[in-house]
Amino acid sequence: MAEKFTAAVVEEFGPTLNIRDEDLPEPGPFQALVKVHASGVCHTDVHAAEGDWPVKPEPPFIPGHEGVGEIVKLGPGEHELELGDMVGNVWLWSACGQCEHCRSGWETLCDKAEYGGYTVDGSFGQYMLVDTRYCARIPEGADPIEVAPILCAGVTVYKGLKVSDTKPGQFMVISGIGGLGHIAVQYAVAMGMRVIAVDIADDKLELAKKYGAEFVVNAGQQDPGEAVAEYTKGGAHGILVTAVHPQAFGQAIAMARKGGTIVFNGLPPGEFPAPIFDIVFKGLTIRGSLVGTRQDLAESLDFYARGLIKPHVEEIKLEDINDVFDGLIKGGIDGRRVINYQ
Ligand code: NAD
Ligand code: ZN
Ligand code: ZN
């Protein structure tokens, strides 16, 4: 009989996962079997379980794309990694390496990409497979619990900040101070930007202040466009939207300075009003940004390894996953919850 392991599985779309036994997978070429030590829980896992997006995963599947663990078995062929190495699964689980996007340094846009915890089983289980060409290399000595959120939240906001083209000394609004946003505040501060945090929960804004935000706005109580325009005397140079409500996407336009860049990381289902006049007359750039390349991942992990980023984490057990999903849906989770498998 095949060896088994315990995992949280989406059996049908909805917010409830089932804890059940799965067959241990066999690593194929370029793959490794990893014993998972820790996994962050991203809001994307909720979207995946709910089937929120136009491109849907196929139940049954195991979510999770912030998994950290050790290689216990290597598939056939040559690998740059060895047994015992600490690695991570990420959203960009693999890409083709051959297409126009892959060749031009935009592997995140590869049409043949596989997504961890979405098109390939993820890290909400005691074991997972990774592609040894695309998995994260965990810095030596890193605490698996603390480093896990860098694998999605960290690399995503790091890349988002890079493509915002905002310079040191300029204003950067982080809209949405959840798992992604509280880490975005830290990267933006480390990059020398003047950080403004926007959320609808005061405790999230307190966390942002702790990490160096110089001004905060509760968008539930105040018009964030007016507040930011007044504080910055004309609007912020960069806006990174990580919020899970479409309203925040529309508000970004009012918060932007003339010539500013708005980067969308958040992925709530839905649409937002985009006033054409404001976008044209302010000369705004609005761009989407999806996770990051392997190079972005290495750079974002290096910031962590140098002590510049410290995710706010709380450990949970795999059995607590449905409570955490409930908390994410209600907006009640500060920082990141991370499953401890040890
Ligand atoms: P989270 O639930 O931890 O945080 C979301 C935050 O948004 C919360 O703090 C909440 O209070 C805040 N929020 C809700 N409504 C708001 C509003 N109107 N204005 C301002 N803030 C508001 O979620 P997370 O794990 O940080 O993920 C955030 C989003 O980013 C999700 O949609 C997720 O799917 C997406 N995501 C995208 C990428 C990417 O590559 N683009 C990667 C990871 C996650
Ligand atoms: Zn994620
Ligand atoms: Zn490709």
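Going by what an unreviewed UniProt entry lists, the protein is known as Alcohol dehydrogenase and is assigned to Corynebacterium endometrii. Under Sequence similarities (unreviewed entry), UniProt gives the following word-for-word description of the protein: "Belongs to the zinc-containing alcohol dehydrogenase family." As its UniProt record puts it under Cofactor (unreviewed entry), the protein is described as follows: "Zn(2+)".

Right, let's talk about the pattern of salt bridges for a bit. Scanning all chains against the criterion turns up 18 salt bridges. Across the pair Glu26 and Lys73 runs a salt bridge, and its minimum N-O distance is 2.8 Å. Note that Glu26 is positioned in the loop between strand S2 (18-23) and strand S3 (31-40) and Lys73 in strand S4 (residues 67-74), a separation of 47 residues in sequence. Because the salt bridges share partners, they merge into one network encompassing Lys159, Lys162, Asp296 and Glu299.

Moving on to the site of ligand 1. In the vicinity of ligand 1 lie 30 residues, with His43, Thr44, Asp199, Val291 and Arg336 positioned nearest. Here Thr44 contributes a side-chain N or O atom positioned 2.7 Å from an oxygen atom of ligand 1. Contact distances for ligand 1 include 2.7 Å between an oxygen atom and a side-chain N or O atom of Asp199. Against a free-state accessible area of 870 Å², the protein chains account for coverage of 97% of ligand 1. Elements with a minimum of two residues in the shell around ligand 1: helix H1 (43-50), helix H5 (179-190) and helix H8 (247-255). For the shell around ligand 1, the element with the highest residue contribution is H1, accounting for three residues. Of the residues belonging to the shell around ligand 1, the class tally is 14 nonpolar, 13 polar and three charged. Each of domain 1 (4-152 + 292-340) and domain 2 (155-288) accounts for three or more of the residues forming the shell around ligand 1.

The zinc ion (ligand 3) binds to the protein through Cys96 (SG), Cys99 (SG), Cys102 (SG) and Cys110 (SG); the donor distances cover 2.3 to 2.4 Å. Coordination at the zinc ion (ligand 3) comes from four donor atoms whose angles at the metal span 105 to 118 degrees, giving a geometry best classed as tetrahedral. We note that the donor set of the zinc ion (ligand 3) lies within a single chain, spaced as C-x2-C-x2-C-x7-C.

The subject of this paragraph is the packing of helix H4 (residues 153-162) against H5. Here H4 crosses H5 at 50 degrees, and the two axes come no closer than 9 Å. With respect to H5, the axis of H4 lies oblique. Once H4 is placed against H5, the crossing between them reads as right-handed. When H4 is examined against H5, the residues Ala153, Gly154, Thr156, Val157, Tyr158 and Leu161 are found in contact with a partner set consisting of Gly179, Leu180, Ile183, Ala184, Tyr187 and Ala188. Per-class residue counts for the contact of H4 with H5 are nine nonpolar, three polar and no charged.

All of the buried residues in helix H7 (residues 224-232) are Pro224, Gly225, Ala227, Val228 and Thr232. Within H7, the buried residues cover an arc of 170 degrees as seen down the axis, which keeps them to one side. Opposite the buried face of H7, at more than 90 degrees from it, the exposed residues are Glu226 and Glu230. Of the surrounding secondary structure, the elements contacted by the buried residues of H7 are strand S10 (171-175), strand S11 (194-199), strand S12 (215-218), strand S13 (236-241), H8 and strand S14 (256-264). In this structure Asp223 caps H7, since a side-chain oxygen of it lies 2.8 Å from the backbone nitrogen of Gly225. One or two steps after H7, the chain reaches Lys233, where phi turns positive at roughly 55 degrees.

Analysis parameters
Residues numbered from 1 in each chain as written. Chains lettered and ligands numbered in written order. Predicted model: local features only at pLDDT ≥ 70, side-chain atom pairs only at ≥ 80, totals over all residues. Heavy atoms only, no water. UniProt positions renumbered as here; feature names shortened; annotations may be inferred. Salt bridge = Lys/Arg side-chain N within 4 Å of Asp/Glu carboxyl O. Helix = DSSP H or I, 4+ residues; strand = E, 2+ residues; numbered from the N terminus. Near = heavy atom within 4 Å. Polar contact = N/O pair within 3.5 Å; in protein donor to acceptor, adjacent residues only side chain to side chain. Areas by Shrake-Rupley, 256 points an atom, 1.4 Å probe, with all protein chains shown as cover. Nonpolar A, V, L, I, M, F, W, Y, C, P; charged D, E, K, R; others polar. Domains from an automatic or database assignment. Donors = N, O, S within 2.8 Å, 3.2 Å for Na, K, Ca; no water. Tetrahedral: all angles 85-135°; square planar, octahedral: opposite > 155°, others 65-115°. Axes fitted to C-alpha atoms, helices over the stretch in contact; angles between N-to-C directions. Parallel < 35°, antiparallel > 145°, perpendicular 65-115°, else oblique. Left-handed = near helix turned anticlockwise from the far one by under 90°. Contact = heavy atoms within 4.5 Å. Buried < 20%, exposed > 50% of the residue type's maximum accessible area, 1.4 Å probe, protein only. Arc of directions from axis to C-beta.

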